[in-house]
Amino acid sequence: MVGNREQNIRRIIEMEDRICQCQRCPSLVKCLRKPSMGKGELDPEALLIFEYENSYTRDINNIIRLRNIIKQELKLDKIYHTFMVRCQPKACATRQSVTCYGEGKWIDKDYTCLLSNKTCDGIPVKPGNSEIISCLSFLLEEIEILHPTYLLLFGERVTEFVLKSYGIYSNLATNQRYEYEHMTFITAVDENEFQPDNCRQLLNIL
Ligand code: SF4
C-alpha cells in the first residue's frame, strides 16, 4: 500500500536519525564513521536480519546474491535487510589504552585514527552481548514499523536474541519456523553459508 510505504519511510528516517545520535556504546561510536542502516523495500514481504555489518554483508554483491536466492526459491519479491547491531565493533590496541572517551570521534572522514595519526587498523570483531542488548530496541522498532510477513534470522545469535525478545525461548534451532502476531520467523545458517540448497530446506517448513 502506497500510504503504508510513505508512513514507513517517515518513521524509518526518524529512527535512523536517533541511531546516528545514539551514544549507548561509547567505545563503538568513537571509531565509527556511520552506523549500519537497513536497506530495501519499505513495505517488505521479507526482512533479512544479520548480526552486524561484517566483511561479507558489506559487499553489495553478496547481498544481491542472497536476495536473488530468496526471490528465486521462496518467491518473495519485496525484500529489506537490516542489522541487529548498528555500530561495527573493532579490536584495537590504541583504543584500549585510552580510558577517557571525551567529546567527538577518534576517526576522521578518511579513516585516519586521531589517536595514532595513521589509517585505522582496527580489526572487525563480533559484537558482545551487552552491545546486542543495547542495540536490540532499534531492530524491534524497525520490525514493528515494517511488520513483514517473513523474517529470516541469519545465524544462531540473531535467532536467539530476536526470538527471545518475542518470548520464544524453547526449541531454538536452525531451519525452523516460529510464529508471532502474523509474522513468521525463519531461522537460517549464517549468511555466508546460505546457498540455494539451504533456501530449499526452508521452503519445506513454510
Ligand atoms: S551499537 Fe546500537 S546501541 Fe550501541 S551506540 Fe551504536 S546504535 Fe547505539
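Structure shown above.
Note that the coordinates shown come from a computational prediction; the quantities given were computed from them, not determined experimentally.

S.K.: Quick one: what's the story with the site of the ligand, residue by residue and with numbers?
M.R.: Taken together, 13 residues lie near the ligand, and C22, R24, C25, C87 and C135 sit nearest. Within the residue set of the shell around the ligand, elements represented by two or more residues are helix 2 (26–29) and helix 5 (129–146). Element by element, the count of residues in the shell around the ligand is highest for helix 5, at 3 residues. For the shell around the ligand, a count of residues per class yields 9 nonpolar, 1 polar and 3 charged.

S.K.: Kindly report on helix 5, identifying the contributing residues and their values.
M.R.: Along its 18 residues, helix 5 runs 25 Å from first to last C-alpha, staying within 8% of the 26 Å computed at 1.5 Å per residue. The sharpest bend along helix 5 comes to roughly 40°, located at C135. Burial in helix 5 covers these residues: E131, I132, C135, F138, L139, E142, I143 and L146. Just downstream of helix 5 lies H147, where phi reads positive at about 35°.

S.K.: Outline the sheet that holds strand 1 (residues 39–40), supporting the account with residue identities and numerical values.
M.R.: Taken together, the 6 strands give an open sheet; going across it, the order is 1-3-2-6-8-7, and neighbouring strands pair in mixed fashion. Looking at strand neighbours, the two that pair on one side only are strand 1 and strand 7 (177–180), the edges of this open sheet. As judged from the 2 bridges shared by strand 1 and strand 3 (residues 79–83), these two strands associate in the antiparallel manner. Its bridge partner being in strand 3, K39 is matched across the sheet by H81. Contacts between helix 6 (residues 156–165) and the sheet are confined to strand 2 (46–50), strand 6 (150–154), strand 7 and strand 8 (183–188), with strand 6 contributing the most and set at about 135° to the helix.

S.K.: For helix 6, give the residues involved together with the corresponding values.
M.R.: All of the buried residues along helix 6 are V158, T159, F161, V162 and L163. Tucked inside the fold, the buried residues of helix 6 contact strand 2, helix 5, strand 6, strand 7 and strand 8. Count one or two residues on from helix 6 and you reach G167, which has phi positive near 80°.

S.K.: Account for the environment of S55, with residues named and values stated.
M.R.: If you trace the backbone, S55 turns up in the loop between strand 2 and helix 3 (60–74). By the C-beta count within 10 Å, which is 9 here, S55 ends up exposed. Separated by 137 residues in sequence, S55 and N192 have C-alpha atoms that sit 9.9 Å apart.

S.K.: Explain the packing of helix 3 against helix 7 (residues 196–205) to me, using residue names and the numbers behind them.
M.R.: Axes are the key here: two packed helices are described by the angle between their axes and the distance separating the axes. Remark: helix 3 packs on helix 7, axes separated minimally by 9 Å, with the N-to-C direction vectors making an angle of 40°. Compared by their axis directions, helix 3 and helix 7 come out oblique. Between helix 3 and helix 7 lies a crossing of right-handed hand. Residues I69, I70, E73 and L74 of helix 3 form the contact with helix 7, whose participating residues are P196, C199, R200, L202 and L203. Considered class by class, the residues forming the contact of helix 3 with helix 7 number 7 nonpolar, no polar and 2 charged.

Conventions we followed
Residues numbered from 1 in each chain as written. Predicted model: local features only at pLDDT ≥ 70, side-chain atom pairs only at ≥ 80, totals over all residues. Near = placed C-beta within 6 Å. Helix = DSSP H or I, 4+ residues; strand = E, 2+ residues; numbered from the N terminus. Nonpolar A, V, L, I, M, F, W, Y, C, P; charged D, E, K, R; others polar. Expected span 1.5 Å × (residues − 1). Bend = angle between axes of the 7 residues up to and from the residue. Buried ≥ 20, exposed ≤ 12 C-beta atoms within 10 Å, placed from the backbone. Pairing = 2+ DSSP bridges. Contact = placed C-beta atoms within 7 Å. Axes fitted to C-alpha atoms, helices over the stretch in contact; angles between N-to-C directions. Parallel < 35°, antiparallel > 145°, perpendicular 65-115°, else oblique. Left-handed = near helix turned anticlockwise from the far one by under 90°.

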